[in-house]
Amino acid sequence: MAEFDVDLFVIGGGSGGVRAARIAAGHGARVMIAEEYRMGGTCVIRGCVPKKLLVYASHIQHEIEDAAGFGWTIPSASFDWPTLIANKDKEIARLEAAYTANVEKSGARIAKTRAVFEDAHTLRLATGEAVTAKYVLIATGGAPNHGPAIPGIEHVISSNEAFHLPQLPDRIVIQGGGYIALEFACIFAGFGSEVTLVYRGDNVLRGFDEDVRAHVRSEMEKNGITILTGCTVDKIDKHGREFTSHLSNGSSVASDQVMFAIGRHPNVGGLGLEKAGVAINPNNGGIAVDGFSKTSAPSIYAIGDVTHRVNLTPVAIREGHAFADTVFGKRSVEVDHHDIATAVFSQPEVGTVGLTEAQARAQFSHVDIYKANFKPMKATMSGRDTRVLMKLVVDAGTDRVVGCHIVGEGAAEMVQLLGIAVRMKAKKADFDATMALHPTAAEELVTMRTPSARHVREAAAE
Ligand SMILES: Cc1cc2nc3c(=O)[nH]c(=O)nc-3n(C[C@H](O)[C@H](O)[C@H](O)COP(=O)(O)OP(=O)(O)OC[C@H]3O[C@@H](n4cnc5c(N)ncnc54)[C@H](O)[C@@H]3O)c2cc1C
């Protein structure tokens, strides 16, 4: 008789857990995967996918506005939020079913229940059943964090609820300056809601290149979004169906909905980690892991958002795959977290890969910056007041392009491909030698000849 009920028990049926379960089963492991909510996890059910569907929907408003300059007369368009949400839910249900079917096809068994540790090799399911496993993978993801319990916090929604609002709010206050806050601000603004974004820092998108931050903010403001920085929502009152958000700067904003998107915390609570000997990383509150995603307990691994390393779907998937190959595929794979292309699906979009200008200047003695800031061709006829930003950050010592930053339509698609060039250590000379594809916005990336700035560190200049 086998020593354990299964070879691998995966806690969490999200992006990372599902990939790990399928690959491990493919390597011949007996796998069980527990999911307490819906298969597919955050990305599929209440993250990337429904978010992008709403982005597409709200962007149509821009297309309608832009159409007039190209000769189109569109009789007054109307939008129905409940139809959009119902259609989005139908698509999400289809994807959930596909995820379930693919896991089952791989041979892994799904337990539609919560699972917690009893000890390092035993999981207790909410059904009461105990399952023993040779290895356990924690892939429990993360959840919205509302911050301190200010008065009226019970009125606040997170991105989870924003996907299921019964009606479109005429006015919404969104607190936060990260990508989720910006994306929802642009989504609601696209549908015609009056949006006020409140952020405690000096500018949105902390951690992104400074030029990107300034450009996105100005473009969002041109789209009618009010952005209040250097303040926080300190109290929320409810009067009937209206809310008043009282801000730390003494002002207040009335709205029909208040949403917070100020960060997410790793789902580590109540898992029984102490019983299993799994340590938390004191620096980020996630599960502490090594380069192979192994925790402090030798038979337990953790991947994805619960480790709070790089909280993105493709990263969770790659970590899950690497774990399965390492433990069950006789092939040790360590995930490289450098140069990960990422996007903000604001309107306009942000796409970025590699180092910001500030990071490059801290790392290299000679840094060249190439920048283009232009009105896109489409806007010349549509009359839309918008500009595209493209920026290349080059280590002048080696001529390597170490960072690419784009704000404008199609930025995410462009940066996915630029990510290959950056990872291949392409030089600025390679960009220059590449023939432009005309007429595109992306051709600017291979036609920027003269640096807009050259930075030489003082010590290096002597
Ligand atoms: C609004 C929003 C937009 C996003 N947009 C993007 C984007 O555009 N691009 C991108 O790359 N990333 C995006 N992300 C991030 C992305 O969703 C996550 O990085 C990704 O889902 C992490 O995968 P995971 O497997 O670590 O965890 P998750 O996908 O969160 O899966 C964890 C699963 O574990 C389950 N679970 C938790 N505890 C237990 C338990 N004890 N027992 C059983 N089940 C349990 C949960 O129900 C959940 O289904 C977005 C996130 C949000 C919230």
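In this numbering scheme, every chain counts its residues from 1 along its sequence in written order. With pLDDT at 70 or above as the cut-off, local features in this predicted model cover only qualifying residues; side-chain atom pairs require 80 or more to be listed or tallied, and sums for whole chains, interfaces and linings still use all residues. For side-chain calculations, the full set of non-hydrogen atoms in the structure is used, while hydrogens and water are omitted.

**Focus on the pairing of strand 4 (residues 115-119)**
And then number 1: One ladder, built from four bridges, connects strand 4 with strand 5 (residues 122-125); its direction is antiparallel. For Val-116, the partnering residue across the bridge sits in strand 5 and is Arg-124.
And then number 2: As consecutive antiparallel partners, strand 4 and strand 5 are separated by two residues. Whether two strands pair comes down to DSSP finding at least two bridges between them. Secondary structure is summarised from DSSP: a helix means a run of H or I of at least four residues, a strand means a run of E of at least two, and numbering begins at the N terminus for each.

**Considering helix 9 (residues 313-328)**
And then number 1: In a regular helix each residue adds 1.5 Å, so 16 residues correspond to 22 Å; helix 9 covers 22 Å between its end C-alpha atoms and thus fits that length.
And then number 2: In terms of residue burial, helix 9 counts as a mostly covered element, since twelve of its 16 residues are buried.
And then number 3: Among all positions of helix 9, only Thr-313, Val-315, Ala-316, Glu-319, Gly-320, Ala-322, Phe-323, Ala-324, Asp-325, Thr-326, Val-327 and Phe-328 are buried.
And then number 4: Note on definitions: a residue-residue contact is assigned when non-hydrogen atoms from the two residues lie within 4.5 Å. Considering only its buried residues, helix 9 is in contact with strand 1 (6-11), helix 1 (15-26), helix 2 (41-46), helix 3 (48-67), strand 6 (130-138) and strand 16 (300-302).
And then number 5: At the exit of helix 9 stands Lys-330, carrying a positive phi of roughly 55 degrees. Expected helix span is taken as 1.5 Å per residue step, with the number of steps being one fewer than the number of residues. Note on classification: 1.4 Å probe, protein chains only; a residue is buried when its accessible area is under 20% of the maximum for its type, exposed when over 50%, partly exposed between these limits.

**Looking at the pattern of salt bridges**
And then number 1: A carboxyl oxygen of Asp or Glu within 4 Å of a side-chain nitrogen of Lys or Arg is what we treat as a salt bridge. Evaluated as defined, the whole model comprises 30 salt bridges.
And then number 2: Residues Arg-124 and Glu-118 are paired through a salt bridge, measuring 2.6 Å at the closest nitrogen-oxygen approach.
And then number 3: For Glu-118, a relative accessible area of 34% corresponds to the partly exposed category.
And then number 4: In this structure, a network of salt bridges that share partners links the residues Asp-209, Asp-211, Glu-357, Arg-361, Lys-371 and Lys-391.

**Notes on the nonpolar core**
And then number 1: Here, the term nonpolar core denotes a set of buried Ala, Val, Leu, Ile, Met, Phe, Trp, Tyr and Cys residues that are joined through side-chain atoms within 4.5 Å. The biggest cluster of nonpolar side chains holds 39 residues, and the ones touching the most others in it are Ile-174, Phe-184 and Phe-188.
And then number 2: Within the residue set of this core, elements represented by two or more residues are helix 3, helix 4 (81-106), strand 8 (171-175), helix 6 (179-190), strand 9 (194-199), helix 7 (210-222) and strand 17 (342-344).
And then number 3: Looking at this core element by element, the count peaks at eight residues for helix 6.

**Remarks on the site of the ligand**
And then number 1: The nearness test applies per residue and asks whether one of its heavy atoms lies within 4 Å of the molecule or strand. Taken together, 36 residues lie around the ligand, and Gly-16, Glu-35, Thr-42, Lys-51 and Asp-305 are the ones closest in.
And then number 2: Whenever a nitrogen or oxygen atom comes within 3.5 Å of another N or O atom, the pair is scored as a polar contact, on the condition that within protein one atom can donate a hydrogen and the other can accept it, and that pairs from neighbouring residues in sequence are kept only if both atoms are in side chains. Side-chain polar atom of Arg-114 to a nitrogen atom of the ligand: 3.2 Å apart, as the coordinates give it.
And then number 3: A distance of 3.4 Å separates an oxygen atom of the ligand from a polar backbone atom of Asn-311.
And then number 4: Values of accessible area rely on a 1.4 Å probe in the Shrake-Rupley scheme; residue burial ignores everything except the protein chains shown. Protein contacts shield 95% of the accessible area of the ligand, which totals 1,000 Å² for the unbound molecule.
And then number 5: Broken down by secondary-structure element, the contributors of at least two residues to the shell around the ligand are helix 1, helix 2, helix 3, helix 6 and helix 9.

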